[in-house]
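# Secondary and tertiary structure notes
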Amino acid sequence: MSLLPWLVAAWLIGVGVAGLATSRNIVHMVGCLSVCQSATYVLLLGIGFRAHAGPPIFYDHPPGTPAVDPVTQALVLTDIVVGAAVSALLLVIALQVFKRRHTLDPRHLRPLRPDA
Amino acid sequence: MSEGARRVLLALALAVLAVAAWRVAGALPMFGSATPYGQAVNALIPDARGVSNMVAAVNFDVRGIDTVGEEAMLVAAIVGAVVLLRGSRGEGTTDRAVRVPGRALEPRADATALVCRIGAVVTLVFGLYMALHGTVTPGGGFQGGAVVASGLLLVYLGDGYPPWRRLVPGPLFGVVEAGGALAFVAAALWPLAHGDAALANRLRPGEWKDLYSGGLMVVSNLAVAAAVAGSFALLLLEVMEETREVQSGEDDAAEEPPQ
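Analysis parameters
Residues numbered from 1 in each chain as written. Chains lettered and ligands numbered in written order. Predicted model: local features only at pLDDT ≥ 70, side-chain atom pairs only at ≥ 80, totals over all residues. Helix = DSSP H or I, 4+ residues; strand = E, 2+ residues; numbered from the N terminus. Rg over C-alpha atoms; globule rule 2.2 N^0.38 Å. Buried ≥ 20, exposed ≤ 12 C-beta atoms within 10 Å, placed from the backbone. Contact = placed C-beta atoms within 7 Å. Core = buried A, V, L, I, M, F, W, Y, C linked by C-beta atoms within 7 Å. Expected span 1.5 Å × (residues − 1). Bend = angle between axes of the 7 residues up to and from the residue. Axes fitted to C-alpha atoms, helices over the stretch in contact; angles between N-to-C directions. Parallel < 35°, antiparallel > 145°, perpendicular 65-115°, else oblique. Left-handed = near helix turned anticlockwise from the far one by under 90°. Nonpolar A, V, L, I, M, F, W, Y, C, P; charged D, E, K, R; others polar.

Moving on to the overall build of chain A. When its secondary structure is counted, chain A shows three helices and zero strands. Sequence-ordered secondary structure for chain A, helices as α and strands as β, is α-α-α. Relative to the 2.2 N^0.38 estimate, which gives 13 Å for 116 residues, the radius of gyration of chain A is 20 Å and therefore markedly larger than a compact globule would have. Each of the three principal axes of chain A carries a C-alpha extent, and together these read 65 × 30 × 15 Å. Considering chain A as a whole, with its 116 residues, one finds that 28% of them fall into the buried category. Taking contacts inside chain A between residues at least 6 apart in sequence as the whole, the part at least 24 apart equals 50%.

This is the structure we're talking about:
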């Protein structure tokens, strides 16, 4: 049972990498990268979890009551924001690739040439 | 490399990953046990900083320098996306709507416009609430900024492109994004001028559970909210500008909201 969160994270990154390796569409690859990234969410939140503890926000319950680790939650928060921005950047790159090469299949992409 | 060789390579990599993950999982702390650093934050920060949201305290105070770097990554990614999208078009924008040739453009129903206008106002207010109460209740600049930007998207959904562009002029997004990032960096550098460490909290912490608790955290939180809202709004604007196709002689009348 105590291994389950780590196995879920490893499974997520595994299927994400498998999707990246076999993908035939750049947009699909960006989705696979997001799956890989969600493995880091599971891993970080799993590390920060504390049994029988509340949220690390001492508004309704006073400081001193058991609470989960706020550091890993803060890391997940920044992870999500940067992930959204990087996904946007990758999708924009995919848009430009399609405009210039008229394909989204990474196997058909060749090194950039100035005349292409 | 042939398809078969790539699969073999992938299988080898996944096998290595599986072994490594198994070893690491065994070495990690027991699931559900308390982690010392996080518990120290939970024990010390409510008294030291007067805030009740520990996640915001970690983001903007305890590990604030990390967040400055993360904010720089966000701004860099957005700037890269915007530069790629603008391409040869430059900074020129128009307020014409997206138009696919040959597809009829149905005017939006009154109900759509009404629901989206109400939803946009509620979303904007909720985003501002989340951003302003970042140091007190769940939320903060990152979440609030993202919610505000999605509220702007609801305006587009309900009223169409021209009213959206009339409501918020494009350059404002860039100013809000850059201004927020600049304010955050200034808040980080300001203590250096007084001989303190960067982002040292030199302001009064304020009352516990109060809206303005947290001292310098309030400033960085609002700066991040502005930067995130500006970034995502700028991205939405540029994606729409890029994907639309302007036909010569097209008129804007069909895109006007129903009266």
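Helices and strands together make up the secondary structure of chain B, namely nine helices and zero strands. Shown N-terminal to C-terminal, the secondary structure of chain B runs as helices and strands in the order α-α-α-α-α-α-α-α-α. Long-range pairs, those at least 24 residues apart, make up 74% of the contacts in chain B between residues at least 6 apart in sequence.

Time to look at the interface of chain A and chain B. Many authors give the size of an interface as the accessible area that is lost as the parts come together. Each partner contributes residues to the interface: chain A has 39 residues there, and chain B has 45 residues. Those elements giving two or more residues to the side of chain A that touches chain B turn out to be helix H1 (4–22), helix H2 (26–48) and helix H3 (70–101) of chain A. Counting residues per element, the side of chain A that touches chain B draws most heavily on H3(A), which supplies 16 residues.

What follows covers the nonpolar core. For soluble globular proteins, nonpolar side chains are generally found buried alongside one another. In this structure, Ala85(A), Ala57(B), Ile78(B), Ala81(B), Val228(B) and Ala229(B) are the most contacted members of the largest nonpolar core, which totals 76 residues. Ranked by the residues each element gives to this core, the list is headed by helix H9 (residues 216–243) of chain B, at 16 residues. In this view, Ala229(B) contacts Gly145(B), Val148(B), Ala149(B) and Val176(B); residues no more than four positions away in its chain are not counted.

All names here are of chain B. Taking 1.5 Å per residue, 24 residues should reach 34 Å; helix H8 (residues 170–193) reaches 35 Å between its end C-alpha atoms and fits that length. Ala 187 marks the point of greatest bend in H8, at about 25°, and the proline Pro 191 comes within the next four residues. Within the span of H8, buried status applies to Phe 173, Val 176, Glu 177, Gly 180, Ala 181, Phe 184, Ala 187 and Ala 188. One or two steps after H8, the chain reaches Gly 195, where phi turns positive at roughly 80°.

Each packed pair of helices is defined by two parameters, the angle between the axes and the distance between the axes. Residues and elements named next belong to chain B. For the pair helix H5 (residues 110–132) and helix H6 (residues 141–159), the least separation of the axes is 8 Å and the interaxial angle reads 165°. The angle between H5 and H6 places the two elements in the roughly antiparallel class. Handedness of the H5/H6 crossing: left-handed. When the residues that make up the contact of H5 with H6 are grouped by side-chain class, the tally is 13 nonpolar, eleven polar and two charged.

Our focus in this paragraph is the packing of H1(A) against helix H1 (residues 3–27) of chain B. Contact geometry of H1(A) with H1(B) gives a least axis separation of 10 Å together with a crossing angle of 165°. Between H1(A) and H1(B), the interaxial angle falls into the category roughly antiparallel. The two elements H1(A) and H1(B) cross, and the hand of that crossing is right-handed. For the pair H1(A) and H1(B), the contacting residues are Trp6(A), Leu7(A), Ala10(A), Gly14(A), Val17(A), Ala18(A) and Ala21(A) in the first and Arg6(B), Leu10(B), Leu14(B), Leu17(B), Ala18(B), Ala21(B) and Ala25(B) in the second. Looking at the contact of H1(A) with H1(B) residue by residue, the class counts come to twelve nonpolar, one polar and one charged.

Compared with an ideal rise of 1.5 Å per residue, which puts 23 residues at 33 Å, H5(B) spans 33 Å between its outermost C-alpha atoms and is within 8% of the ideal. For H5(B), the complete set of buried residues consists of Cys116(B), Ala120(B), Thr123(B), Gly127(B), Met130(B) and Ala131(B).

Turning to unusual backbone geometry, a few remarks are in order. Its identity as a non-glycine residue notwithstanding, His52(A) has a phi of 55°, on the positive side. The exposure class assigned to His52(A) is exposed, which follows from the 6 C-beta atoms found within 10 Å. Residues other than glycine seldom take positive phi values, yet Leu199(B) does so here, at roughly 60°. The residue Leu199(B) is located in the loop between H8 and H9 in this model.

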